[in-house]
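This is what each chain is made of:
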Amino acid sequence: MRVEIQINNSASPGASFVSWAPSPCRIRITDPTGAILPIVPIQLRSASAATAGAVRFRSGTAGAFADTLTLQVPANGTSVSFFTAGRFGRPSSSNGDVRIEARAGTTLIGSVPLMVRVRKNANTLSAAERDRFVAAFAKLNNQGTGRFTDFRDMHTNVSSPQAHGAPGFLPWHRAYLLDLERELQAIDPSIALPYWRFDQASPNIFTLDFLGVSDNLGTVHFSPNNPLQFWRTDGVQGINRRPFFSTAQAPPGLRNETNTLGLGTGYAAFRTLEGNPHGTAHTSFGGSISSIGTAARDPLFFLLHCNVDRLWAKWQRRNGRFNPALAASYDTSPANPIGHRLPDTMWPWNGITGGQRPPTAPGGPMAASALVSAPGPQPIVQSSLDYQGSVNAASRLGFDYDDVEFA
Amino acid sequence: MVGEAAGDPDRHGQLLELLREEHPFYNDRGTASTVRMRGWILATLARIGLPDDALLFVLEELDTGVDPYLVAAAARALRSYPAPRAAFAPLVMGALANIRYRDERVSFESYGAYAVGLNGTTPVAELLATLTWLGPHARAILPDLEALRHGGGVARKYAAQLDAAVAAIAAGDLSGEECCTLPRGLGAMLSWPLGTRRSDDAVAQIVLEDHDGNEIAFDELFRGHVSIVVFFYTRCDNPFKCSLTIAKLARVQQRLEERGLLDQIQTAAITYDPAFDVAERLRTYGRERGLRLDAHHRMLRAPCGLDALRRHLQLGVNFVESLVNRHRVEAYIFDRQGRVAASFQRLRWNEDEIVARAVEVMPERKITFPMVGTLSSLALAFFPKCAACWIAYLSMFGIAGLSQIPYSPWLKPAFAILLLLNAATVWLRGRATHRMTGFYLVSAGALALLSTLQFDWKSAAVAGVVLTMAGSFVSAWRRPVRASAATRTA
Amino acid sequence: MTTKRKAPAKGAKATKRTASRSKNALAGRAAMAVATSPKRTVKQRVAAIAETPLTICESDKDLQAMLNLLRDRNEPIAVRLAALQSLQAASFSVIAFEACRGDYIATLREVVDDPDPELRQRVLGLLAREKDGFAQKKLIDGLEHPERALVPPEKALQLLAYDVHAEAYAVARDVIRNPPNEDSRREALRLLSADATAAPIFEKLLGDKNELAEIRQLSASALQALRPEKLQTQAREILLDASDYDEIKATSLTALTQFGNEESVANDVELRNRVDEMAATASPNVKQSARRFVDRYSK
């Protein structure tokens with residue numbers, strides 16, 4: 001007897017990625033040889049090394065997850081649905097390091113490798129994870145000719161009103177990071193964007209093999225093995241970044257995570273994190289990252305914003321702020337400028353130019369995902385809120401943070 | 001130099017020359033220096049009065065400018081134009097939207113001065129002052145201005161100026177004035193009728209390399225097709241120029257596709273920066289802006305021929321080392337012989353207008369030149385009326401053997417048909433150039449000559465020849481005509 | 001599963017927003033009071049400045065107070081730098097900062113020649129990233145007349161490189177010919193790498209074994225952007241040259257692994273054999289990049 005298991009209801013290996021939020025899956029018997037009864041009980045379990053990812057299961061859209069799940073699967077090949085999710089605290093470190101095994105009795109009748117892919121603290125990545133990320137990022141930049149140019153062009157002085165100084169700051173950047181991450185995953189699907197936990201010392205990020213070591217001038221140096229040595233933006237090579245602090249410590253003056261999460265239970269209060277710690281993190285350096293028009297030239301920018309997004313995710317989890325219909329989930333002032341109201345499409349993915357939008361819209365629509373259909377090619381502000389699909393499963397965006405559990 | 005030219009009315013033309021990007025004055029100057037120089041010239045024009053010839057340079061800065069100094073200078077200069085016009089209002093309003101988040105203090109106290117400390121003026125202040133100057137002529141943008149005012153759209157410190165502008169615009173009623181179209185002669189499109197176009201021989205053999213690295217000579221690419229050609233470069237940091245130009249070219253391609261013209265009208269984007277914009281860069285830049293790339297639609301560089309192209313087309317560009325320091329928005333329509341039939345300069349061109357113009361150039365054929373009409377009219381007027389006259393005419397020419405050709409009365413209607421065909425082509429040319437005088441003359445001449453087929457009116461024959469000849473030449477030898485600029489889109 | 005909740009009344013929302021803004025404004029006022037008080041310690045004042053909200057532009061008084069802190073040479077430098085950082089952070093909120101920007105830029109220009117070198121450097125950096133002509137003029141002037149320099153030459157060159165359209169190429173070439181120090185030469189070369197016609201300079205530097213490793217690494221990167229086919233050729237020569245240095249070999253391997261022409265590298269038997277050897281026997285740095293190369297081209 002053999003079975004086929006599909007993760008995210010897809011046979012494509014490109015869809016074999018899960019996070020903490022439940023992913024819809026299905027199983028069917030492809031070869032019923034040996035089946036005595038029309039319905040076969042099949043047990044699913046997670047198999048992996050102790051240091052690898054692990055998954056859990058449940059049969060429906062509600063209820064607790066368990067380490068194993070027994071399904072009654074018809075021998076005639078009809079699919080049976082179930083849900084799987086990464087076991088919180090057990091993310092994968094490489095693609096396919098965890099398998100879902102299906103057993104009929106004690107006989108293994110099928111298995112599928114998958115990855116519990118979540119965004120991690122950049123300071124604690126393994127060397128392999130770091131190297132894969134850096135290689136993919138350098139490839140996306142492609143010495144200034146790659147798709148990264150679009151991401152750089154999305155974050156300029158001209159476009160900044162679309163994404164800053166108003167409530168859409170967090171949703172816009174969440175969509176921005178998601179688009180970038182999906183492009184990186186098109187190069188290497190094992191990658192999730194890591195975050196720079198800026199309120200903690202992160203010496204492993206500022207190394208020759210990762211995001212580089214700055215000299216006194218602010219010129220960033222890389223190891224000869226590091227492909228980021230070929231980084232080029234705006235026609236100029238290299239990265240300028242001069243920390244005003246020792247990279248063995250956290251930047252001073254930053255609002256820490258506890259205080260950030262305590263800014264308030266309503267979105268209007270919480271979003272003041274745009275000033276501190278977000279703005280303070282940016283301006284803890286001299287160099288590209290410290291000015292809005294040039295910040296996206298530095299790859300560190302994306303790890304900085306990944307942490308800002310993680311703080312938002314954590315705040316959402318703590319306060320139950322995933323539902324856009326809940327007033328405290330967002331700041332819905334009628335005075336909000338275009339692109340900052342819940343039903344507004346977001347530039348540049350909406351392709352709208354001129355008038356109150358910038359003159360061009362680089363990058364085209366939002367990158368698609370093999371895992372989920374949200375947020376669609378032209379995301380609206382609202383689509384950034386329910387990123388785990390906890391209010392509406394169809395809203396799931398396909399990413400999670402290592403330390404933010406599924407709600 | 002600028003001060004001296006400003007002080008002498010006979011030298012004011014020099015100031016206009018200094019506004020051309022390609023002027024040697026700007027050679028090897030950085031962009032920041034170029035901005036200072038141009039802004040100072042505009043500020044000088046603001047003091048001495050803005051002539052018609054300089055208007056387009058000012059409007060250009062309002063339309064696509066991103067530098068506070070230049071935008072402020074342009075807004076100031078516009079106020080010294082003899083009379084406000086409704087067509088200026090959308091451009092001033094657009095400039096306000098473009099520059100408001102880059103507002104900063106600027107100084108026009110002396111050449112090269114920067115505002116240090118809390119003195120000087122700002123582009124937003126200058127633009128608001130210009131809106132006040134426009135007064136009721138700016139009626140069309142009043143709703144936008146009021147929305148800005150109520151929505152907290154500009155900084156509080158401009159509240160009084162904003163109120164003054166709104167009040168000035170709301171006072172008075174000029175509803176009869178046509179909004180948004182610049183008067184003839186002040187627009188951004190130049191047009192060259194057939195017969196006046198410069199041959200492309202100077203650039204015919206330039207080798208171009210396209211987005212896939214394929215090499216092709218200029219004449220091989222452009223002869224045989226009507227083409228829409230724009231210029232750009234990938235390191236342009238003005239989002240209203242190159243990036244937008246390529247995005248708009250993609251929209252032009254969509255228009256062509258909708259009309260089934262993708263194989264008949266080519267598009268080409270040529271870089272000002274051929275050393276840096278190699279094939280892969282061109283390809284990526286174009287694709288990221290939705291450009292279609294194939295054998296009829298290319299992105300190109302001229303590795304060794306940019307200087308020749310610059311001279312031939314008189315491109316509005318200059319350089320510091322190999323980097324562009326400043327360029328104008330420019331788009332061209334080439335006819336089937338690779339000659340410039342029309343150009344759109346400085347202001348952002350309209351996709352529909354450019355496609356329409358290219359379509360107009362499409363039916364032009366080489367045979368439409370004035371001699372055909374003239375010879376046909378002569379032949380018809382003096383066609384021999386009998387066989388003996390025929391022999392006498394041919395003997396008069398003394399060409400051996402011609403007298404042996406039998407009397408061929410069928411030639412008469414043939415010449416009449418040629419005459420009518422000539423009239424038809426003159427009509428087409430007249431439509432393209434918006435000048436129908438030549439057609440009227442040719443039509444009158446044709447009527448006169450055709451009447452001689454029925455009646456033997458010698459005076460009608462002579463008049464017919466003269467009118468046809470005059471009409472054909474008038475039609476062919478028009479100076480380039482500046483058409484009105486299209487309405488700016490939001 | 002969607003959970004529907006009743007939205008609060010509009011009036012209640014607006015009231016909450018107003019209350020929040022007032023709270024913000026009060027907090028900002030309190031923070032500015034501490035920041036500008038000479039009776040407080042520097043540490044207290046710096047901490048207070050860090051607490052000022054993004055909405056500083058809503059109050060002309062607060063904005064001018066912050067700008068005054070920045071420009072006042074009698075204030076402790078830590079307070080002035082904190083004021084600069086606070087304004088800089090606020091500038092990220094472009095919509096909210098609209099009212100401030102003009103005065104902010106003008107004040108930055110005012111302090112470019114401040115006695116404090118750190119403040120000068122930061123302010124010039126901010127202006128250079130805005131492609132400010134005033135700052136560019138000062139930087140170029142300092143390179144041409146060192147006695148008037150506001151920052152070291154290597155810093156001036158680094159800042160000028162933010163704008164590829166700056167008039168800095170001539171002075172960069174001068175520095176390359178007569179460098180005051182190695183850092184200046186390196187930054188001048190980096191600046192020059194924006195000029196595509198400078199590719200031959202980088203070709204020559206990359207091939208020169210007597211050059212510093214970091215100059216050759218920079219040259220490789222410049223060449224990869226300007227003439228990728230040249231770098232492919234030179235990288236290959238470097239790898240086949242047993243006498244060349246490990247750092248540049250590692251860089252060459254990285255270049256070919258990331259950006260190499262798949263077909264030509266895959267068919268280059270001599271190169272692949274050489275790299276296979278390196279993957280087994282070379283120094284750790286070279287071995288690592290050799291293994292990545294082998295991984296890529298064995299697929």
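What counts and how
- Residues numbered from 1 in each chain as written.
- Chains lettered and ligands numbered in written order.
- Predicted model: local features only at pLDDT ≥ 70, side-chain atom pairs only at ≥ 80, totals over all residues.
- Helix = DSSP H or I, 4+ residues; strand = E, 2+ residues; numbered from the N terminus.
- Buried ≥ 20, exposed ≤ 12 C-beta atoms within 10 Å, placed from the backbone.
- Contact = placed C-beta atoms within 7 Å.
- Expected span 1.5 Å × (residues − 1).
- Pairing = 2+ DSSP bridges.
- Nonpolar A, V, L, I, M, F, W, Y, C, P; charged D, E, K, R; others polar.
- Domains from an automatic or database assignment.
- Axes fitted to C-alpha atoms, helices over the stretch in contact; angles between N-to-C directions.
- Parallel < 35°, antiparallel > 145°, perpendicular 65-115°, else oblique.
- Left-handed = near helix turned anticlockwise from the far one by under 90°.
- pLDDT = per-residue confidence, 0-100.
- Core = buried A, V, L, I, M, F, W, Y, C linked by C-beta atoms within 7 Å.

Caption draft 1: Local environment of the overall build of chain B. Within chain B one finds 19 helices and 11 strands. Burial analysis of chain B (490 residues in total) assigns 49% to the buried set. Within chain B, contacts between residues separated by at least 24 positions form 74% of all contacts whose residues are at least 6 apart in sequence.

Caption draft 2: Up close: helix H18 (residues 284–298) of chain C. Residues and elements named next belong to chain C. Its 15 residues give H18 an end-to-end C-alpha distance of 21 Å, which sits within 8% of 21 Å, the value for a rise of 1.5 Å per residue. Residues of H18 that are buried: Val 286, Gln 288, Ser 289, Ala 290, Arg 292 and Phe 293. At its buried positions, H18 is contacted by helix H15 (246–259) and helix H17 (269–281).

Caption draft 3: Spotlight on the sheet that holds strand E2 (residues 17–18) of chain A. Residues and elements named next belong to chain A. Overall, mixed pairing links the five strands, which are arranged E2-E9-E8-E4-E6 in an open sheet. A strand with exactly one partner marks an edge of an open sheet, and here the two such strands are E2 and strand E6 (68–74). Here strand E8 (residues 98–104) pairs with strand E9 (residues 107–116) via seven bridges, running antiparallel. What sits directly across from Ala 104, in E9, is Thr 107.

Caption draft 4: Layout of the interface of chain A and chain B. Listed per partner, the contact involves 14 residues of chain A and 16 residues of chain B. Among the residues forming the side of chain A that touches chain B, the class breakdown is five nonpolar, eight polar and one charged.

Caption draft 5: Local environment of the pairing of E8(A). Residues and elements named next belong to chain A. Relative to E8, strand E4 (residues 39–48) runs antiparallel, the two sharing six bridges. Bridge pairing in E8 places Gln 43 opposite Arg 103. Between E8 and E9, which pair antiparallel one after the other, the connecting turn spans two residues, and Gly 105 there sits at a positive phi close to 70°.

Caption draft 6: Just the domain arrangement of chain B, in detail. All names here are of chain B. For chain B, the assigned domains read domain 1 (2–170), domain 2 (189–364) and domain 3 (370–476). A C-alpha centroid distance of 30 Å is found between domain 1 and domain 2. Taken together, the contact between domain 1 and domain 2 spans 17 residues of the former and 17 residues of the latter. When contributions to the side of domain 1 that touches domain 2 are tallied by element, the ones reaching two or more residues are helix H3 (31–48) and helix H4 (52–64).

Caption draft 7: Region of the structure containing the packing of helix H11 (residues 239–258) of chain B against helix H14 (residues 351–361) of chain B. All names here are of chain B. At their nearest, the axes of H11 and H14 sit 9 Å apart, and the two run at 55° to each other. By the criterion of interaxial angle, the relationship of H11 to H14 is oblique. The chirality of how H11 crosses H14 is right-handed. Taken together, the residues of H14 that come into contact with H11 (itself represented by Lys 248, Arg 251, Val 252, Arg 255 and Leu 256) are Glu 351, Asp 352, Ile 354 and Val 355. Here the residues of the contact of H11 with H14 are counted per class, giving four nonpolar, no polar and five charged.

Caption draft 8: Fine view of the interface of chain A and chain C. On the side of chain C, 55 residues touch chain A, which itself brings 52 residues to the contact. Going through the elements one at a time, helix H1 (127–141), strand E13 (236–237), helix H5 (267–270) and helix H6 (275–282) of chain A are the ones with two or more residues in the side of chain A that touches chain C. No other element matches H6(A), which puts five residues into the side of chain A that touches chain C. In terms of residue class, the side of chain A that touches chain C is made up of 17 nonpolar, 31 polar and four charged.

Caption draft 9: Geometry of the confidence of the model for chain C. Residue and element names in this part refer to chain C. Chain-level pLDDT for chain C is 89 on average; 91% of the residues reach the 70-or-more range. In the predicted structure, residues 1–10 sits below a pLDDT of 50 and forms 14 contacts with residues beyond four places in sequence or in another chain. Across the interfaces of the predicted complex, the ipTM metric reaches 0.89, alongside a pTM of 0.87.

Caption draft 10: Representation of the nonpolar core in the model. Within the largest apolar cluster, 322 residues are counted, with the highest numbers of intra-cluster contacts made by Val58(B), Ala73(B), Ala74(B), Val92(B) and Leu160(C). When residues in this core are grouped by element, the largest group, 11 residues, is from helix H7 (residues 300–319) of chain A. With 13 residues, the next largest nonpolar core counts Phe439(B), Val442(B), Leu449(B) and Val465(B) among its residues.

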